[in-house]
Each structure stands twice: as structure tokens, then as C-alpha cells.
Amino acid sequence: MRFAPSPTGYLHIGNVHTALFNWLFARHFGGQVVLRIEDTDLTRSKAHYEDAILEDMHWLGLDWDEGVDVGGPYGPYRQTERLAIYRDVAQKLLAEGFLYECYCTAGELEEDRQRYLAQGLMPRYSGRCRTLSEKERRRFEEEGRKPALRFKVPAGEEIILQDLIRGEISFAADNIGDFIVLRSNGMPVYNFSVTVDDALMKITHIIRGDEHISNTPRQILLYRALGEEEPEFAHISMLLGSDRSKLSKRHGAASIADFRRAGFLPAALVNYLALLGWSSPTGEEVLSPAEIKAQFTLDRVAKSPAVFDLAKLRWINAQYINKLTPKELAKLARAFLPEEKRDLPKLEEVMAVLQDELEVLGDLWPRLQLFYELPEKDAHAAKILRRPETGAILTAFQEALLEGPAVMTPEEAQELLHGLPPKLGLGTGKVLRPIRAALTGAASGPELVHIIAILGREECLRRVRLA
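Just so we're clear, the structure is a prediction, and the values are computed from it rather than from any experiment.

Draft legend 1. Representation of the pattern of salt bridges. With the rule as written, the count across this model stands at 33 salt bridges. Across the salt bridge formed by Arg44 and Asp41, the nearest N and O atoms sit 3.1 Å from each other. In this structure, Arg314 and Glu359 form a salt bridge, with 2.8 Å as the shortest nitrogen-oxygen distance. In this pair, Arg314 sits in helix α11 (residues 310–323) while Glu359 sits in the loop between α13 (347–354) and α14 (364–368), placing the two residues 45 residues apart along the sequence. Taken together, the salt bridges that share partners define one network made up of Arg2, Arg36, Glu38, Arg82, Asp197 and Asp198.

Draft legend 2. Here's a closer look at the packing of aromatic side chains. Summed over the entire model, instances satisfying the criterion amount to nine aromatic pairs. Seen from their ring centres, Phe25 and Phe29 are 4.9 Å apart, and the 55° between their planes marks the pair as tilted. Ring geometry for Trp278 versus Phe296: centroids 5.7 Å apart, planes at 35°, classification tilted. Of this pair, Trp278 sits in the loop between α9 (266–274) and α10 (289–295) while Phe296 is found in the loop between α10 and α11, placing the two residues 18 residues apart along the sequence. Residue classification places Trp278 among the buried residues on the basis of a relative accessible area of 3%. Residue classification places Phe296 among the buried residues on the basis of a relative accessible area of 0%.

Draft legend 3. Highlighting the pairing of strand β9 (residues 205–209). Most of β9 is tucked away, with four of its five residues classed as buried. Judged from the five bridges that link them, β9 and strand β10 (residues 232–236) form a sheet pairing that is parallel. Residue pairing for β10: Arg208 is matched across the bridge by His235. For the crossover from β9 across helix α7 (residues 216–226) to β10, the handedness is right-handed.

Draft legend 4. A look at the environment of Leu200. One can find Leu200 in helix α6 (residues 190–200). Judged by its relative accessible area of 35%, Leu200 is partly exposed. For Leu200 and Glu228, which are 28 residues apart along the polypeptide, the C-alpha to C-alpha distance reads 8.8 Å. With sequence-adjacent residues up to four places away left out, Leu200 is seen in contact with Tyr74, Arg82 and Ile85.

Draft legend 5. Main features of the environment of Val431. Counting through the fold element by element, Val431 comes out in helix α19 (residues 428–440). With 246 residues separating them in the primary sequence, Val431 and Asn185 have C-alpha atoms 80 Å apart. Beyond its immediate sequence surroundings of up to four residues, Val431 is in contact with Ile393, Leu420, Pro421, Leu424 and Leu426.

Thresholds, definitions, all that
- Residues numbered from 1 in each chain as written.
- Predicted model: local features only at pLDDT ≥ 70, side-chain atom pairs only at ≥ 80, totals over all residues.
- Heavy atoms only, no water.
- Salt bridge = Lys/Arg side-chain N within 4 Å of Asp/Glu carboxyl O.
- Helix = DSSP H or I, 4+ residues; strand = E, 2+ residues; numbered from the N terminus.
- Phe/Tyr/Trp six-rings, centres within 6.5 Å; stacked < 30°, edge-to-face > 60°.
- Buried < 20%, exposed > 50% of the residue type's maximum accessible area, 1.4 Å probe, protein only.
- Pairing = 2+ DSSP bridges.
- Right-handed = clockwise from strand over helix to strand, strands pointing away.
- Contact = heavy atoms within 4.5 Å.

In C-alpha cells form, the structure reads like this:
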């Protein structure tokens, strides 16, 4: 299996979804995973994008056996380092009669395109250079034209693809038109370079997005010309947004780095992406990467497109956060706190309190802030603190704190609070709401007994006096 991203931007959800299905299939069946870089778009390819892609893949836990950073028997694994290979293969195919030189200008190609469109036909190359005489070729070269190399698509053929997900798909060769494999500047086009790479690297299975179905007949023709066995193809559906349009940032899709910064856990992201278009035979939704790998087969991959649901991803991430120990969670959490707050005391205790309600680590600081500094009061809390009975309630709470231990357990805090309503002759809710508002600046939040136990007597007294 291979994953071949272009370093023209950061790794996004669609890229990783495809990479993951390749990785799961290869690991399930004990195959090799190849990571190569398709960087022939020289103007847009950047080294920092390549570095970020490798970093994101490592963070997700998707490893590879051959690639740009680890080498392997079929390298190099970066396309710009393979240009001589493509040119040699192209010259061989030209000598064998599978290719021909095309001297058409951009203007001539546009004329052909407009003519086909005017006839209501799909534009394709007219074949005007397919049978040039030696005299015509010399004339074009004297004019300074440099030829591209085109593939001679055989007329009247039907090209059959046995797709591992979609079944049989047929293509009429007459609708394809002779296609370029090497541009006039010597750079290979996608269909040529990817086929040469896959053939020489002995790739046996290719899982990719369904937008590549139209590329497949050209690649099959190239395999036949090269005398190489065609790989097995499997085309998965693209991911959709909630409105069933193509997935984009407005649906919550972002780069993998963005999800990482937001506080998603890598195993949770892998778990969720695996469920987009694939279902576990057990029906479970929360599965470790190892469990998914053990269960993954293509016969459980759906033909219909899956919808990316950010809320569902957050829910799965919450399940993974819940599985962590408070110590593990505290260690992860420090990276998501303001830099000056990363050495906070009692963080494990705070994590144990907040763990059940936390979906992503990026939401952490506003939730735990109240344990370390008194936030501004919200409107509801301010209203509670203005009630006539609030003064007597906070005075009673203050007296109970002064009589109690300096350091309390949640059980001792519970006992302290339990004694206040009968003493004041008020309902439990009426008593606890002003205390919460005084201690947290909010009308709701974590259990009050945990707040009191973590803050300690002196901090509770300070906040009550301020209130």
C-alpha cells in the first residue's frame, strides 16, 4: 500500500481518511506501507509542508515501512528525485510505439476543446499530431516548438476496472483521448509519474478517493504498456459536510494540526475517521487503533459517502479522555494551559473532577480557571448574590469554614454543607446556589464539594469575603 501526499499544504481530514484506510488494510494483512512525496508541482510544493505531513502522520500513529525519511529498496521516494526515471521510461515507451511527440500549442488545444464543447461532446485531444510526417516534425522544431509526449490510446477498446469496493466499472477508450505523459518541459504529469512509481515500487493495492476513478483507465493503459501487472484498485467515497456538500472548513473540517491544537487525542481521531465509511463487525463505535486494524476489511467499506460530524468526533474524543488516569490527563493538559499556568498545583485533583465533562483539551482552561483564580461573575451569579438571604447564607458558610479543618476532603466538605440548610431554615438549593456563585462566579459547574476541597479553607474564605 502507498500514501503519496503532495507537500502543497497541510494534511487535512480527507488526506488522512485515505491514508488511514490504506494503513489499516496493509497492517491487517501484514503488508508493507510506503510513504512517498509527490512534489512535482514546483511552485506550490514547500519543504515545511512536507515536514508537517510527516509530523502529523507520526502523531496519529500511522507508521510506514518505506519512505522519504526511512529509505527502502525502491527509492528515492520523492518525485523530484525521480525525474530521470520518468524520462527514461517515457523514452522507452516512445521507442516501442506507445507514445508520440505532440507539438500542439496551447491555442490549438483550446480550439479543439471549444469545437468539442460546441458539438456537445466531452473535450479530448483530437489526435492532430498522432501521424505527423518527419517533414512536419522538423518544421515545428524549426519554429521553436518543443514536443510533449502523448500516449496512443487504442481505438474502440473497452477498459474494465474490477473495483474492490464498487465492482465492475467500464470505460470506452474512445472517450479518453490521447493524453500527455511528459510535458514539453520534461516534467511528468500525474497519471504517468504515479503509475511508474506504483509499478516500480511493486504496489499491489491502491485505496484512494473516488475522484480518482476517472484517472484509472489511463493508468491501466500505462500498466499494460509497461508490461506490469495492474494493482487492485479500491475507490472510497469522499467525505461530505452536514449539508451533504463537499467537506470544507465551514463544516468543521480542518488540518490535522488544527485538530491537534484543539485538543483532540490521536487515537480518538483515528477511531472516528475509521468509522467514516467503514463499520465494525461488532457494531462498536469506540475502538482502539489495534482493534480497528484487527477487524478492518474492504467488504465492510460502504459505497455511499460518509458525513463528517464534528459533534460525533467530540463525543468519541470525550470517551478517550474518560479512559485516561487523572495523572495521564494532567500530563497532557499542561500543554493546553496558558504558558504561565503550566506548573499549577493540584492539577491531577482538578482533572479527576473535570474529566467526565471534558470533550477536548482545548476547552480546558475556562473550565479549570475557577480552581486557581476567581473568574468574573456571570449575570446569573451576580443576581443570586444580590438576593436578601445571601448575606446570612455566606456568613453561616464562613463560620462553618472557620470551625472546620484547613484542608478538607470532599466528604468533609459534604458534611459541612449538609449542616447549613437546617441551621438556616432554608432549602438545600437556596443555600448552595449563593455559595457556588461566591466561590466560582457562576451559577453552575463542577460539584461544590470538590471545589471546596480543592480550594481549601483559606481560599474559600477569601472568595466569600470578596462576594
